Amino acid sequence: MLIHDAARPFCTPDLIAAVLDPLAQVEGCDAISPVPRDRLWRAQTLQAVRYAAIRAAHASGDTNAADDVEIVRTAGLSVRVVEGDEANFKITLPRDLERADQILLTRRPIIPRS
């Protein structure tokens, strides 16, 4: 199951492949413990979790958790990280929409329109 916040609409097939790829074996990319958010600049959302695992984590997890990664980690599951994609930015402000428009002018859609 992929989890996406939809505020970053430029998730590419390569980013999806990186999230789904068994790169989890790379020990240097382990996410081991929570980091206070006030020390972070940004994080991207595209997460891959087995459906049964995320359901169980939500059922038994912390309802005050900041995001799905914290819920999964609290449930005792390991979390791995992969390099993100700079173009998969979060659309929050009007200027972000302008940047998104420019990307849309040059990029082929991931899902073909019918």
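Residues numbered from 1 in each chain as written. Predicted model: local features only at pLDDT ≥ 70, side-chain atom pairs only at ≥ 80, totals over all residues. Heavy atoms only, no water.

## Focus: the overall build of the protein
Note the threshold: The helix count covers DSSP runs of H or I at least four residues long, the strand count covers runs of E at least two residues long, and both are numbered beginning at the N terminus. Working definition: with a 1.4 Å probe on protein chains only, accessible area under 20% of the residue-type maximum means buried, over 50% means exposed, and in between means partly exposed. The contact definition used throughout considers only heavy atoms, calling two residues in contact when any of these lie within 4.5 Å. Residue burial considers only the protein chains on display, and all accessible areas are found by Shrake-Rupley using a 1.4 Å probe.
A tally of helices and strands in the protein yields four helices and four strands. Listing every helix and strand of the protein by position from the N terminus yields β-α-β-β-α-α-β-α. In the protein, buried positions account for 25% of the 114 residues. Counting contacts in the protein only where the partners sit at least 6 residues apart, residues at least 24 apart contribute 71% of the total. Accessible area of the protein: about 8,800 Å², with a carbon and sulfur share of 54%.

## Some words on the environment of Ala75
Turning to its location among the elements, Ala75 is positioned in the loop between helix 3 (68-74) and strand 4 (79-80). According to the relative accessible area criterion, Ala75 is partly exposed, its value standing at 39%. Remark: the alpha-carbon pair of Ala75 and Ala59, spanning 16 residues in sequence, is separated by 9.6 Å.

## Looking at the environment of Ala53
Examined against the element boundaries, Ala53 turns out to sit in helix 2 (residues 51-60). Sequence-wise, Ala53 and Met1 are 52 residues apart; in three dimensions their C-alpha atoms are separated by 9.5 Å.

## What to know about the packing of aromatic side chains
Selection rule: A pair of Phe, Tyr and Trp rings is counted when the ring centres sit within 6.5 Å of each other, with Trp represented by its six-membered ring. The angle between the planes then sorts it: under 30 degrees is stacked, over 60 is edge-to-face, the rest tilted. Lysine NZ or arginine CZ positioned within 6 Å of the ring centre and within 35 degrees of the ring normal marks a charge as sitting over the ring.
Throughout the structure, instances matching the rule amount to one aromatic pair. Positioned above the aromatic ring of Phe89, the side-chain terminus of Arg99 is 4.0 Å from the ring centre.

## As for helix 4 (residues 94-106)
Cut-off, in case you're wondering: In this description, one arc is meant: the one made by directions from the helix axis to the C-beta atoms.
Listed in full, the buried residues belonging to helix 4 are Asp96, Ala100 and Ile103. The arc that holds every buried residue of helix 4, seen down its axis, measures 60°, which confines them to one face. Exposed positions of helix 4 whose direction lies more than 90 degrees from the buried face are Pro94, Arg95, Glu98, Gln102 and Leu105.

Remember, this is a structural readout, not a statement about activity or role.
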